[in-house]
Every structure is written in C-alpha cells, then in structure tokens.
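The lines below spell out each chain.
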Amino acid sequence: QVQLVESGGTLVQAGDSLRLSCVASGRDVNSAVMGWFRQAPGKEREFVAAISRSGGTTYFADSVEGRFTISRDNAKSTMFLQMNSLKPEDTAAYYCAAGWGIITRDIMTPVWYRDWGQGTQVTVSS
C-alpha cells in the first residue's frame with residue numbers, strides 16, 4: 001500500500017495560481033498511475049487530471065484543460081498539480097490518488113484508483 005499526502009491548498013482569489021503537491025511513500029510508487037480528483041460540497045468526486053507512470057502522457061478534464069498542468073518527479077516520489085487562472089468553480093477538496101491497472105478511459109473514474117490521500121482544500125474567492 002502507498003501512502004499519499006497532499007499539500008498546498010489555501011484560499012486564493014479568482015485569477016490566481018496555486019501549486020498542489022502529493023508526496024507518495026511505499027513500495028513501487030513509481031509504477032503507479034497518479035491522478036487528481038476534487039470534490040465540492042454536495043457533489044460527487046470529479047476527475048481533474050492524471051499522469052502516466054513515466055510522466056510522458058497526461059490527461060485532463062475539459063473543465064481544467066488549458067489552465068491546469070500535471071507533472072511528477074519520480075526521483076522524489078512527488079506529483080504536482082499547477083493550477084492557473086483559478087475560478088470560483090474550482091473550489092473543492094483536492095485528492096491525490098494512485099492506481100496500478102492498465103490505462104483506459106477508466107482512469108477518469110475514482111474506482112480505478114487503489115490508494116488515496118486525505119485531501120487539501122482549495123477555496124477560490126470571487
């Protein structure tokens with residue numbers, strides 16, 4: 001099992017940028033596909049972005065395409081989510097996740113991932 005710890009969430013204003021980090025520990029962390037999800041009050045957990053094991057391929061939800069980027073540093077077992085041009089609609093708890101399956105469209109669903117962090121809150125004021 002891999003332990004995941006998110007950090008970087010805070011209160012920002014619309015239009016600001018913010019960088020979230022996810023530090024992973026455990027066996028074979030670099031063999032995992034990593035993803036970011038978010039969940040706002042009263043809503044289901046929503047896919048944000050994912051990155052392949054090597055970091056060579058990335059995936060984004062339509063709602064964040066062009067504004068967010070995802071990256072990973074396997075030497076440090078760390079994943080990042082760079083969020084630019086933040087909107088109030090981005091307000092949510094953001095979760096880091098890791099999965100070990102074959103990459104399909106299912107990586108956009110929470111059930112595909114085995115391990116999860118506890119979340120970090122991002123609040124964007126208008």
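Residues numbered from 1 in each chain as written. Predicted model: local features only at pLDDT ≥ 70, side-chain atom pairs only at ≥ 80, totals over all residues. Heavy atoms only, no water.

Asker: Mind laying out the packing of aromatic side chains, listing which residues take part and the relevant values?
Answerer: Using the criterion set out here, one finds five aromatic pairs in the structure. Ring geometry for Trp 112 versus Tyr 113: centroids 5.0 Å apart, planes at 75°, classification edge-to-face. For the residue pair Trp 112 and Tyr 113, the accessibility class agrees, reading buried in each case. Linked through ring pairs, Phe 37, Phe 47, Trp 112, Tyr 113 and Trp 116 together constitute an aromatic cluster. The ring of Trp 116 carries Arg 45 above its face, with NZ or CZ at 4.9 Å from the centroid. (Phe/Tyr/Trp six-rings, centres within 6.5 Å; stacked < 30°, edge-to-face > 60°. Buried < 20%, exposed > 50% of the residue type's maximum accessible area, 1.4 Å probe, protein only. Lys NZ or Arg CZ within 6 Å of the ring centre and 35° of its normal.)

Asker: Kindly report on the pairing of strand E5 (residues 46-51), identifying the contributing residues and their values.
Answerer: Along E5, five of the six residues are buried, which leaves the element largely enclosed by surrounding structure. Across five bridges, the pairing between strand E4 (residues 33-39) and E5 is antiparallel. Bridging from a neighbouring strand, Arg 38 pairs with Glu 46 of E5. From the end of E4 to the start of E5, which pair antiparallel, there are six residues, and Gly 42 there has a positive phi angle of about 80°. The sheet contact formed by E5 and strand E6 (residues 58-60) spans three bridges and is antiparallel. Paired with Ile 51 across the strands is Thr 58, a residue of E6. Hairpin connection, E5 to E6: the antiparallel pair is bridged by six residues, and Gly 55 has positive phi, about 85°. (Helix = DSSP H or I, 4+ residues; strand = E, 2+ residues; numbered from the N terminus. Pairing = 2+ DSSP bridges.)

Asker: Quick rundown of the sheet that holds strand E8 (residues 78-83)? Include the residues and the values.
Answerer: Here we have four strands laid out as an open sheet, ordered E1-E3-E8-E7, and antiparallel in their pairing. Edge positions in the sheet fall to strand E1 (3-7) and strand E7 (68-73), since each has one partner strand and no second. On average, each strand axis in the sheet is tilted by 15° relative to the strand beside it, whichever way the strands run. (Axes fitted to C-alpha atoms, helices over the stretch in contact; angles between N-to-C directions.)

Asker: How would you explain the pattern of salt bridges if you had to name every residue and give the values?
Answerer: All told, the structure shown has four salt bridges when counted by the stated rule. In this structure, Asp 90 and Arg 38 form a salt bridge, with 2.8 Å as the shortest nitrogen-oxygen distance. Here Arg 38 lies in strand E4 and Asp 90 lies in the loop between E8 and strand E9 (92-99), a separation of 52 residues in the sequence. Overall, the relative accessible area of 1% leaves Asp 90 in the buried class. A residue is classified by how much of its surface remains accessible, and Arg 38, at 6% relative accessible area, is buried. A single network of salt bridges, built from pairs that share partners, joins Arg 38, Glu 46, Arg 67 and Asp 90. (Salt bridge = Lys/Arg side-chain N within 4 Å of Asp/Glu carboxyl O.)

Asker: Can you break down the state of the cysteines residue by residue, with the values?
Answerer: Taken as a whole and judged by the stated rule, the model has one disulfide. Two residues share a disulfide in this structure: Cys 22 and Cys 96, whose sulfurs sit 1.9 Å from each other. The disulfide joining Cys 22 to Cys 96 has a torsion of about -65° about its S-S bond and is therefore left-handed. In this pair, Cys 22 sits in strand E3 (residues 18-25) while Cys 96 sits in strand E9, placing the two residues 74 residues apart along the sequence. Exposure remark for Cys 96: the relative accessible area of 0% places this residue in the buried category. (Disulfide = S-S within 2.5 Å.)

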